[in-house]
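What follows is the residue order along each chain.
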Amino acid sequence: MAEQGTGAGGVAALAEANAPVFETLVQMTLDTYERSGLDEETYLLARIAALVAMDASAPSYLLNIGTAADVGVPLEKIQGTLVAIAPVVGSARVVSAARAIGEAFGLDLPGEEER
C-alpha cells in the first residue's frame, strides 16, 4: 500500500488532485461559514468541538485544525476548546480526539508502542 501523506501536505495534495469529494466538502464548508455569521476563529473552534463530540477521524481534524492554524487560531484556544467541552462530551471523547489529532499531524504520542 502506498504511504499516505499526513499534515498540511496531505491536505494540499488532496486539494490539488482531481478530487470531486474533497471539492464538495470544501464548497459545503465555505457555504456554511458564510451563512453562520461567525468570525473564522469561532467558526473553526465550533467545528473542532463538534468533531470531538462525534469522535471524528484523524483526517477531519487535519483539515479543520490545519485551517485554524492557517488563519492564525492559537493552539491555546484549540486546547481551551477541548478543556471547555470535556465535561459535556466526556473525557473518553477528548482523549480519543487528542489521539486522532496526534495521528493526523504525525506526532509521537505517549504510550504508543513501536509498530
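All values reported here derive from a predicted model rather than from experimental measurement.

1. Notes on the overall build of the protein
Piece 1. The helix and strand inventory of the protein stands at 6 helices and 0 strands.
Piece 2. N-terminal to C-terminal, the α/β element order of the protein is α-α-α-α-α-α.
Piece 3. By residue count, 28% of the 115 residues in the protein fall in the buried class.
Piece 4. In the protein, the share of contacts with a sequence separation of at least 24, taken over all contacts with a separation of at least 6, comes to 59%.
Piece 5. Looking at the protein as shown, the accessible area adds up to about 7,800 Å², and 58% of this sits on carbon and sulfur atoms.

2. Description of the confidence of the model for the protein
Piece 1. Overall, the predicted model of the protein reaches an average pLDDT of 82, with 80% of residues at or above 70.
Piece 2. Across the protein, the element-wise mean pLDDT spans from 53 in helix α1 (residues 8-16) up to 96 in helix α3 (residues 40-54).
Piece 3. Per-residue pLDDT stays below 50 along residues 1-8; that stretch engages in 7 contacts with residues further than four places along the chain or on separate chains.

3. A few points about helix α6 (residues 91-104)
Piece 1. Over its 14 residues, α6 extends 20 Å from the first C-alpha to the last, a length consistent with the 20 Å expected when each residue adds 1.5 Å.
Piece 2. Looking only at α6, the buried set comprises Val94, Ala97, Ala100, Ile101, Gly102 and Ala104.
Piece 3. In this fold, the buried residues of α6 make contact with α3, α4 (58-70) and α5 (75-89).
Piece 4. One or two residues past the end of α6 sits Gly106, with phi positive at roughly 65 degrees.

4. Let's talk about the packing of aromatic side chains
Piece 1. Going through the model one piece at a time under the given rule, you end up with 1 aromatic pair.
Piece 2. The interplanar angle of 70 degrees and the centroid separation of 5.1 Å between the aromatic rings of Tyr33 and Tyr43 together place this pair among those described as edge-to-face. Placement of Tyr33 in helix α2 (residues 20-36) and of Tyr43 in helix α3 is noted, with a sequence separation of 10 residues between them.
Piece 3. A relative accessible area of 27% means that Tyr33 is categorised as partly exposed.
Piece 4. Residue classification places Tyr43 among the buried positions, given a relative accessible area of 7%.

5. Description of the nonpolar core
Piece 1. In this structure, Val52, Tyr61, Ile65, Ala68 and Ile78 are the most contacted members of the largest nonpolar core, which totals 22 residues.
Piece 2. At the level of elements, α3, α4, α5 and α6 are the ones that each hand at least two residues to this core.
Piece 3. Among the elements that make up this core, the one with the highest residue count is α3 (7 residues).
Piece 4. Once you skip the residues sitting within four places of it in the chain, Ala68 turns out to touch Leu44, Ile48, Val73 and Ile78.

Analysis parameters
- Residues numbered from 1 in each chain as written.
- Predicted model: local features only at pLDDT ≥ 70, side-chain atom pairs only at ≥ 80, totals over all residues.
- Heavy atoms only, no water.
- Helix = DSSP H or I, 4+ residues; strand = E, 2+ residues; numbered from the N terminus.
- Buried < 20%, exposed > 50% of the residue type's maximum accessible area, 1.4 Å probe, protein only.
- Contact = heavy atoms within 4.5 Å.
- Areas by Shrake-Rupley, 256 points an atom, 1.4 Å probe, with all protein chains shown as cover.
- pLDDT = per-residue confidence, 0-100.
- Expected span 1.5 Å × (residues − 1).
- Phe/Tyr/Trp six-rings, centres within 6.5 Å; stacked < 30°, edge-to-face > 60°.
- Core = buried A, V, L, I, M, F, W, Y, C linked by side-chain atoms within 4.5 Å.

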